[in-house]
Amino acid sequence: MQGSVYRKVERDYDIKRQRAISEAKKFKQSVYDNNPRLAQIEDEINTISLKSAKARIFSDDLSREVEQQKLEVELAKLNFEYDEELKKIGMTRKDFEPKYECSKCNDTGYFENKICSCFSQQLINESFKQSNLSKIKEENFETFDYGYYSTCNDKEKYGIDKSPLENIDAIRKLAYKFSHNLDDPEQKNLLFTGSTGLGKTFLANCIAAEVIKQGKSVIYQTAPILLDKMTDYKFKFNKTEDEKDEYDKIFEVDLLIIDDLGTEAMNSAKFSELFNILNTRLLKNKKILISTNLTPQEIKREYEERIFSRFVGDFMICRFVGEDIRLLKKKIANK
Ligand SMILES: Nc1ncnc2c1ncn2[C@@H]1O[C@H](COP(=O)(O)OP(=O)(O)OP(=O)(O)O)[C@@H](O)[C@H]1O
Ligand SMILES: [Mg+2]
Ligand SMILES: [Zn+2]
């Protein structure tokens, strides 16, 4: 994969890395400015290290070996003094190291001769700039608020035997488990269903954040955009490398989130793309999360049997109930 997205991310990494290095240098210099003794010791260490390296080359010569040992002792003393000086100002050498965003690859993008997970996620983010994943900073398991869900057990109103709070608590647990269980072939895919404003997209973002934290890759896309893109791609004559990568990723990414299924204008090309996604990913044990306002009965009506049967067999259906949180938030804001 060497398309222009790849090159852009690679360039970004270079810049990011150089910035971390130069900031570390600047910081060190500012500490040295206030503590000139540190700079002196470092100079001495450098001089002696050089001498010692030279001495090592001629180590067959006994007198030089003695000389080298002497230098090593001096070096150890200086290093000790350096650490002591740092200690006085509450610092260690570690404070001078560049602060890389990724401690695995030190922002090189490569880890153990493979593309680092941060880099592959960056490739995905770059390819799907318009995707909603930027929300995961605000919408994640840590910010999840139970306060919007009623404790009232009203079967007539909500159509289930428990309160919306008990219901969302169970779904949240399932969702958390799902996000840590993507590779497990026994783990079913998730289908979030429920009317508008009940927190389906929020919980999908929680899952995305949790998955990314584990170094895995996620694509979030709404059904209309995803299926449009895919059918456009299929009918396009000259496909660029990037377009091909983007298409392939839909089948390969660790987790694919399809939001708002049922809002797209369907046609047979899109049906077949949707079936293609479901089928290919299910066969490869690649997890899918689908969110929709449609009820299972409506899905059965709107989609072909071969798609519906996939949902029933391979998805765990999570039914969201409660009050529209968007409205609740407005009410609170207007109080
Ligand atoms: N558990 C939660 N804690 C805090 N805020 C939440 C929670 N769930 C949802 N929200 C907020 O409520 C609003 C509606 O939630 P969300 O967009 O997830 O609903 P939805 O079920 O996806 O609706 P739609 O079917 O219209 O897409 C958003 O502003 C979201 O941030
Ligand atoms: Mg939504
Ligand atoms: Zn990395």
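First, a word on scope: everything that follows refers to the structure included in this document. Because the structure is predicted, anything quoted here is derived from the model rather than measured.

Here we take up the overall build of the chain. On a plain count of helices and strands, the chain comes out with 13 helices and seven strands. Overall, the C-alpha framework of the chain stretches about 90 × 55 × 40 Å when taken along its three principal axes. By the burial criterion, 40% of the 335 residues in the chain qualify as buried. Contacts spanning at least 24 positions in sequence make up 77% of the contacts within the chain whose residues lie at least 6 apart. Per element, the accessible surface of the chain, about 19100 Å² overall, is 52% carbon and sulfur. Each charge sign in the chain was given a centre, from 57 positive and 58 negative side chains, and these centres are 2 Å apart.

In the vicinity of ligand 1, 17 residues are found, and the nearest of them are Glu-139, Thr-196, Lys-200, Thr-201 and Phe-202. At 2.4 Å, a side-chain N or O of Thr-196 approaches an oxygen atom of ligand 1. Between ligand 1 and Phe-202 there is a distance of 2.8 Å, counted from an oxygen atom to a backbone nitrogen or oxygen. When ligand 1 sits alone it has 630 Å² of accessible area, and the protein chains cover 88% of it. If you list the elements that add at least two residues to the shell around ligand 1, you get helix H7 (200-213) and helix H13 (325-334).

With that settled, consider helix H12 (residues 305-314). Here H12 has its buried residues at Ile-307, Phe-308 and Phe-311. Seen along its axis, H12 keeps its buried residues to an arc of 100 degrees; they face one direction. Elements in contact with the buried residues of H12: strand E3 (189-193), strand E5 (255-261), helix H10 (268-283), strand E6 (287-292), helix H11 (296-302) and strand E7 (315-319).

In this section: helix H3 (residues 62-88). Under the 1.5 Å per step criterion, the end-to-end length of H3 is 40 Å for 27 residues, consistent within 8% with the ideal 39 Å. Once H3 finishes, Gly-90 follows within two positions and takes phi at roughly 70 degrees, a positive value.

Next up on the list: the sheet that holds E5. Consider a sheet: its strands pair through backbone hydrogen bonds, and that pairing is either parallel or antiparallel. Strand order in the open sheet made by the five strands is E4-E5-E6-E3-E7, with parallel pairing throughout. Of all strands in the sheet, those bounded by a partner on one side alone are strand E4 (218-222) and E7. Along the sheet, successive strands turn relative to each other by an average axial angle of 15 degrees, direction set aside. Strand direction decides the pairing type here: E3 and E7, joined by five bridges, are parallel. Considered in E7, the bridge of Leu-191 is made with Ile-317.

Bringing the pattern of salt bridges into the picture now. All chains considered together, the criterion is met by 21 salt bridges. The partner of Glu-44 in a salt bridge is Arg-37, with the nearest N and O atoms 3.5 Å apart. Three or more residues joined by partner-sharing salt bridges are found here, namely Arg-37, Glu-44 and Glu-81.

Counting residues in hydrophobic clusters, the biggest one holds 29 residues, and the most contacted among them are Leu-274, Ile-277, Leu-278, Ile-290, Tyr-303, Ile-307 and Phe-311. Top contributing element to this core by residue count: H10, with six residues. Among the nonpolar cores identified, the runner-up in size contains 28 residues, and Tyr-149, Ala-175, Val-211 and Phe-320 belong to it.

The next subject is the packing of helix H6 (residues 164-179) against H7. Direction vectors running N to C along H6 and H7 enclose 30 degrees, while the axes themselves pass 9 Å from each other. Looking at the two axes, H6 sits roughly parallel to H7. In the packing of H6 onto H7, the handedness of the crossing is right-handed. Every residue of H7 that contacts H6 at Ile-171, Arg-172, Ala-175, Tyr-176, Phe-178 and Ser-179 is listed here: Leu-203, Ile-207, Glu-210 and Val-211. Considered class by class, the residues forming the contact of H6 with H7 number seven nonpolar, one polar and two charged.

With that settled, consider the packing of aromatic side chains. Counted according to the given criterion, the structure contains 13 aromatic pairs. Note on Phe-141 and Tyr-176: the rings are 5.3 Å apart at their centroids and 75 degrees apart in plane angle, and the pair reads as edge-to-face. In this pair, Phe-141 sits in the loop between helix H4 (117-127) and helix H5 (155-158) while Tyr-176 sits in helix H6, placing the two residues 35 residues apart along the sequence. Since its relative accessible area comes to 6%, Phe-141 is described here as buried. Taking relative accessible area as the criterion, Tyr-176 reaches 39% and is therefore assigned partly exposed. A network of ring pairs unites the aromatic residues Phe-144, Tyr-146, Tyr-149 and Phe-202 as a single cluster. A cation over a ring is seen here: Lys-16 above Tyr-13, with NZ or CZ 4.0 Å from the ring centre. The ring of Tyr-233 is capped by Lys-239, whose NZ or CZ atom sits 5.0 Å from the centre of that ring.

This part takes up the coordination of the zinc ion (ligand 3). Of the protein atoms, only Cys-102 (SG), Cys-105 (SG), Cys-116 (SG) and Cys-118 (SG) coordinate the zinc ion (ligand 3), at distances of 2.3 Å. If you look at the zinc ion (ligand 3), its four donor atoms make angles of 106 to 114 degrees with each other, and the shape they trace is tetrahedral. Read N to C, the donor residues that coordinate the zinc ion (ligand 3) are spaced as C-x2-C-x10-C-x1-C. With respect to burial, Cys-102 and Cys-105 carry one shared label: buried.

Reading guide: rules and limits
- Residues numbered from 1 in each chain as written.
- Chains lettered and ligands numbered in written order.
- Predicted model: local features only at pLDDT ≥ 70, side-chain atom pairs only at ≥ 80, totals over all residues.
- Heavy atoms only, no water.
- Helix = DSSP H or I, 4+ residues; strand = E, 2+ residues; numbered from the N terminus.
- Buried < 20%, exposed > 50% of the residue type's maximum accessible area, 1.4 Å probe, protein only.
- Contact = heavy atoms within 4.5 Å.
- Areas by Shrake-Rupley, 256 points an atom, 1.4 Å probe, with all protein chains shown as cover.
- Lys, Arg positive; Asp, Glu negative; His and termini not counted.
- Charge placed at Lys NZ, Arg CZ, Asp CG, Glu CD.
- Near = heavy atom within 4 Å.
- Polar contact = N/O pair within 3.5 Å; in protein donor to acceptor, adjacent residues only side chain to side chain.
- Arc of directions from axis to C-beta.
- Expected span 1.5 Å × (residues − 1).
- Pairing = 2+ DSSP bridges.
- Axes fitted to C-alpha atoms, helices over the stretch in contact; angles between N-to-C directions.
- Salt bridge = Lys/Arg side-chain N within 4 Å of Asp/Glu carboxyl O.
- Core = buried A, V, L, I, M, F, W, Y, C linked by side-chain atoms within 4.5 Å.
- Parallel < 35°, antiparallel > 145°, perpendicular 65-115°, else oblique.
- Left-handed = near helix turned anticlockwise from the far one by under 90°.
- Nonpolar A, V, L, I, M, F, W, Y, C, P; charged D, E, K, R; others polar.
- Phe/Tyr/Trp six-rings, centres within 6.5 Å; stacked < 30°, edge-to-face > 60°.
- Lys NZ or Arg CZ within 6 Å of the ring centre and 35° of its normal.
- Donors = N, O, S within 2.8 Å, 3.2 Å for Na, K, Ca; no water.
- Tetrahedral: all angles 85-135°; square planar, octahedral: opposite > 155°, others 65-115°.

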